[in-house]
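Residue-level listing of the chains:
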Amino acid sequence: MRSKLLTVLLFSMTVLVLLPLGRVGAQKLELIVKETHCGFLPVFPDRRVLAETITVSPDNRKVACVVQLSESPQKKAFEVFIFTKGGRQASAEYEAVIPNSLVFSPDSENFAFIGIRVGKFFLVVNGKEKGVYDAVLPPAFTPDRKKIVYAARLGQKSFVVVEVEGVSDSQGEFYGAGGKGREYDAVGLPVIDRSGKRIAYAAKRGEKWFVVADGKEGTGYDEIPADSLVFSLDGSRLAYVAKRGEDWLVVTDGKESQPHEGVKKGSVVFSPDGKRIAYVVRKGEKQVPVVDGSEWMEFDKVIAVNFSPNGQRVFCVGQRGEKVKLVLDGAEVEDNIVVPPVFSPDGQRMAYGVSSEGKQFVVLDGVKGKSYDEILPSLAFSPDGKRFIYAAKKGKKSVAVVDGVESKEYDGLWYPSIFTPSKYNGRPWLTPFSLDSKRVAYFAQRDSKWFVVVDGVELKRRYDSVANLLFTPNGEQVVCVAKRGNKTIVAVNESELEFDGILKGSDIFFDSPSSFYIFSLKPSSGVIGLLLTEVEIKAK
């Protein structure tokens, strides 16, 4: 039981000590470690953590999980554990806890889940049971952190509740007393815009479905898929799919599209500025992209349709026979796409991969690059959009191409490292470039060992496998997570820390350019200690 749980919980990482060997830059580093014990994760047969329920807060400082208290078929009991720097807290006992209902607010201050006891569903917020229902869909906190939104059913009636944090149930300010909306025969999962100010959901009364947006009911239809509701990024626009008779429609801001035979699930997308909209429809046996209300050409299958970051360009990748075609702004431009387009953050630059005569190459800003045996799905621009990287194969060897210049040949390149998300004070960015775009790093392999390459220079440390790679926010150091033997290593340049385990889902989180923290694990006879491990980087 213990070994199985460890395999699920860890990538395998508890702190030992640093081994400074400066190579990236001239300075040697010291890693100063501070551990705070947050509690134990039990792994006894009659009291164990359900590893698939582990949820880490957005600020990476709290952990929630469901603990099964007994495996007896006659009686099962569950609690939710919350681990923080101040220790562990346990909820009341429930006969079941809905696994995907565990959720933190965006600021990590609040936590909610759904528990079941004697056939009733309880919404629990910060340990307090807020309501008792016959059914509850998973809750969500609004991005502004001020409200918790959920759909519930009592008897034969369903409704949406929007509760304001810090306001009593009787003073709920959204739809009515307690924040409870109107009652319907059925409601779908609510959709919240990024500001948290707008909420919409599908509802059914009698034989008709309609969308309730900001408390106002829209036009009735025969069917509205609850998962089809989409807000634009700025929240000013709302679109959804609806059915009337045999026709399917896309309804945008209350205006219906022309009727279609079908609308592809998940295909409705607004441009980042919210001014444009695209989706995919069925036409007989064919699929057709629709952009700003106009149908484009037919394909056997539409793989993707989307806008550039600035909303000025729109592309479609579609398959026709054996050909995978790229359509840009309504015109077919390539016949053999192997890597879909990527744009620079400002939307001014574009790159994609093409196959021709048995070779593959990247087209960057309309210019064909060098031919290779394979272009890996690794195309990425730097944050300022001026630099560009991708990975390619030459026979059995791999190379990284940075700003048009090839690296050495390696046995392999771990190209997912190009897309590894990281956060600094809640702000995400993507490796392999530093935030200032001046530096680049990636994982490479030689003789079955992995290592880091920074600005074209190979670091000395070797690993059996690799997991994460990023620069510190100021770009001065490179941090990697990797595995050597049964230990997981967190390395800053070539100074290393060894861990027995790191909690799955607990990423490296910077709270300053020279300090970060993670949740590490320390197994010990039937329990696993959970430690908030803070690391300070100092020049020696």
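Here is a short report on the structure shown in this document. These numbers were taken from a predicted model, which means no experiment stands behind them.

Broken down by element type, the protein carries one helix and 56 strands. Within the protein, the fraction of its 540 residues that count as buried is 51%. Taken as a whole, the protein presents about 23900 Å² of accessible surface, with 50% of it coming from carbon and sulfur.

Before going further, it helps to examine the side chain of serine 228. Its place among the elements puts serine 228 in the loop between strand E20 (216-217) and strand E21 (230-231). Only 3.1 Å separates the side chain of serine 228 from the backbone nitrogen of valine 241, close enough to count as a polar contact.

Turning our eyes to something else, we now look at the sheet that holds strand E50 (residues 478-484). Strand pairs in the sheet, formed through backbone hydrogen bonds, run parallel or antiparallel to each other. A sheet is described by the order of its strands in space; here four strands give the open sequence E49-E50-E51-E52, paired in antiparallel fashion. The open sheet has two free edges, formed respectively by strand E49 (465-471) and strand E52 (495-499), since each of these has just one partner strand. Between one strand axis and the next, the sheet turns by 20 degrees as a mean value, whatever way the strands run. Sheet topology places E50 next to strand E51 (residues 487-492); six bridges connect them, and they run antiparallel. Note on E51: the bridge partner recorded for valine 481 is valine 490.

With antiparallel pairing, the four strands of this open sheet are ordered in space as E21-E22-E23-E24. The open sheet has two free edges, formed respectively by E21 and strand E24 (255-256), since each of these has just one partner strand. For strand E23 (residues 247-252) and E24, the ladder comprises two bridges, and the chain directions are antiparallel. When the bridges of E24 are listed, valine 251 appears paired with glutamate 256.

Across soluble globular proteins, nonpolar side chains show a tendency to be buried alongside one another. Within the largest apolar cluster, 21 residues are counted, with the highest numbers of intra-cluster contacts made by Leu41, Val63, Cys65, Phe83, Leu503, Phe519 and Leu530. Elements with a contribution of two residues or more to this core: strand E1 (29-44), strand E4 (63-68), strand E5 (78-84), strand E55 (515-524) and strand E56 (527-539). Ranked by size, the runner-up nonpolar core spans 16 residues in total, among them Leu29, Phe499, Ile508 and Phe516.

Moving on: the packing of aromatic side chains. For the structure on display, the rule yields 17 aromatic pairs. For the pair phenylalanine 111 and phenylalanine 113, a centre-to-centre distance of 6.2 Å together with 45 degrees between the ring planes defines the contact as tilted. Overall, phenylalanine 111 belongs to the buried group, its relative accessible area being 7%. According to the relative accessible area criterion, phenylalanine 113 is buried, its value standing at 2%. Consider the rings of tyrosine 133 and tyrosine 150, whose centres lie 5.8 Å apart with planes at 65 degrees: the pair is edge-to-face. Taken together, the residues span a long stretch of sequence, with tyrosine 133 in strand E11 (residues 128-133) and tyrosine 150 in strand E14 (residues 147-154) at a distance of 17 residues. Take tyrosine 133: its relative accessible area is 9%, and that puts it in the buried class. The exposure class assigned to tyrosine 150 is buried, which follows from its relative accessible area of 0%. Site record: aromatic cluster; members linked through ring pairs are Tyr94, Phe104, Phe111, Phe113 and Phe122. Seen from the ring of phenylalanine 122, arginine 117 lies directly overhead, with NZ or CZ sitting 4.8 Å from the centre. The ring of phenylalanine 451 carries arginine 462 above its face, with NZ or CZ at 4.0 Å from the centroid.

It is worth spelling out the pattern of salt bridges at this point. Going through the model one piece at a time under the given rule, you end up with 36 salt bridges. We note a salt bridge from glutamate 163 to lysine 130, for which the minimum N-O separation is 3.5 Å. Note that glutamate 163 is positioned in strand E15 (residues 157-164) and lysine 130 in strand E11, a separation of 33 residues in sequence. Between glutamate 458 and lysine 408 there is a salt bridge, with the nearest N and O atoms lying 3.7 Å from each other. In this pair, glutamate 458 is assigned in strand E48 (residues 457-458) and lysine 408 in the loop between strand E42 (405-406) and strand E43 (412-413), connecting sequence segments 50 residues apart. A relative accessible area of 13% means that glutamate 458 is categorised as buried. In this structure, a network of salt bridges that share partners links the residues Arg61, Lys85, Asp511 and Glu534.

Right, let's talk about the environment of aspartate 185 for a bit. For aspartate 185, the location among the structural elements is in the loop between E15 and strand E16 (186-187). Residue classification places aspartate 185 among the partly exposed residues on the basis of a relative accessible area of 34%. For the pair formed by aspartate 185 and arginine 205, sequence separation is 20 residues and the distance between their alpha carbons is 5.3 Å. Residue contacts for aspartate 185: discarding those within four places in its chain leaves Gln156, Lys157, Ser158, Lys204, Arg205 and Gly206. A polar atom in the side chain of aspartate 185 sits 3.0 Å from the side chain of lysine 157.

Quick notes on the rules
Residues numbered from 1 in each chain as written. Predicted model: local features only at pLDDT ≥ 70, side-chain atom pairs only at ≥ 80, totals over all residues. Heavy atoms only, no water. Helix = DSSP H or I, 4+ residues; strand = E, 2+ residues; numbered from the N terminus. Buried < 20%, exposed > 50% of the residue type's maximum accessible area, 1.4 Å probe, protein only. Areas by Shrake-Rupley, 256 points an atom, 1.4 Å probe, with all protein chains shown as cover. Polar contact = N/O pair within 3.5 Å; in protein donor to acceptor, adjacent residues only side chain to side chain. Pairing = 2+ DSSP bridges. Axes fitted to C-alpha atoms, helices over the stretch in contact; angles between N-to-C directions. Core = buried A, V, L, I, M, F, W, Y, C linked by side-chain atoms within 4.5 Å. Phe/Tyr/Trp six-rings, centres within 6.5 Å; stacked < 30°, edge-to-face > 60°. Lys NZ or Arg CZ within 6 Å of the ring centre and 35° of its normal. Salt bridge = Lys/Arg side-chain N within 4 Å of Asp/Glu carboxyl O. Contact = heavy atoms within 4.5 Å.

Note that all results are geometric; they support no functional claim without further evidence.
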